[in-house]
Amino acid sequence: MLRLAALLRFGSGRRCRDPSGGARVPSLCSAPPPQPVIAAKEPFPVELQAGKSYGWCSCGHSKRQPFCDGAHKKEAPGLAPLRFTPARDGPALLCGCKRTRSPPYCDGSHKRPEVQAAPLPPRA
Ligand code: FES
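Keep in mind that this is a model prediction, so the values were computed, not measured.

> Is there a simple way to explain the packing of aromatic side chains in this structure?
Geometrically, a pair of aromatic rings is defined through the distance of the ring centres and the angle of the planes. A complete count under the given rule lists three aromatic pairs for this structure. Note on Y54 and F67: the rings are 5.6 Å apart at their centroids and 25° apart in plane angle, and the pair reads as stacked. Remark: F67 occurs in the loop between β2 (54–56) and α3 (72–75) and Y54 occurs in strand β2; sequence separation between them is 13 residues. Accessibility assignment for this pair places Y54 and F67 in one class, buried. Relative to F84, the ring of Y54 has its centre 5.5 Å away and its plane inclined at 25°; by these criteria the two rings are stacked. Of the two residues, Y54 is situated in strand β2 and F84 in strand β3 (residues 82–84); the sequence distance between them amounts to 30 residues. Residues Y54 and F84 agree in their burial class; the two are buried. These aromatic residues form a ring-pair network of at least three members: Y54, F67, F84 and Y105.

Structure, rendered in structure tokens:
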């Protein structure tokens, strides 16, 4: 019974394994992953360096937007940064709304009414 309670407590998102390290529970794994929060309603202009590895924040909780600061581990377990390495130096617009269909780059999705109407999370 205690084991079932632990499974249910940890059963959302991708935390679908028995917390004691046991078997994967498929019925718990089918829950959708947590949704990212909107960090900004516009893209972040950045200068990227060719060949350098970057971690784009996909959860929206990072205080180092648009890059990951590890906040997903506490705020959005199940989401992870998108690692990418640009092929050339230069400016880029990285998505701040976390709704792009072309991550990490802005595709204009931030202009959708539901994104523009959404509240922004409080920032410390
Ligand atoms: S900022 Fe997310 S698509 Fe433009």
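Don't stop here, the text continues.
> Is there a simple way to explain the environment of E47 in this structure?
Relative to the assigned elements, E47 resides in strand β1 (residues 44–48). In the structure, E47 is positioned 42 residues away from D89 in sequence and 7.4 Å away in space, judged by C-alpha atoms. Look past the residues within four positions of E47 in its chain and what remains in contact with it is Y54, G90 and P91.

> Can you walk me through the environment of S62 in this structure?
Position of S62 among the secondary structure elements: in the loop between β2 and α3. Under the relative-accessibility criterion, S62 is labelled buried at 2%. Considered as a pair, S62 and R123 are 61 residues apart in the sequence and their alpha carbons are 9.9 Å apart. A polar atom in the side chain of S62 sits 2.9 Å from the backbone nitrogen of R64. A distance of 2.5 Å separates the side chain of S62 from the backbone oxygen of F67, its partner in a polar contact.

Conventions adopted
Residues numbered from 1 in each chain as written. Predicted model: local features only at pLDDT ≥ 70, side-chain atom pairs only at ≥ 80, totals over all residues. Heavy atoms only, no water. Phe/Tyr/Trp six-rings, centres within 6.5 Å; stacked < 30°, edge-to-face > 60°. Helix = DSSP H or I, 4+ residues; strand = E, 2+ residues; numbered from the N terminus. Buried < 20%, exposed > 50% of the residue type's maximum accessible area, 1.4 Å probe, protein only. Contact = heavy atoms within 4.5 Å. Polar contact = N/O pair within 3.5 Å; in protein donor to acceptor, adjacent residues only side chain to side chain.

Keep in mind that these numbers describe shape and distance, not what the molecule does.
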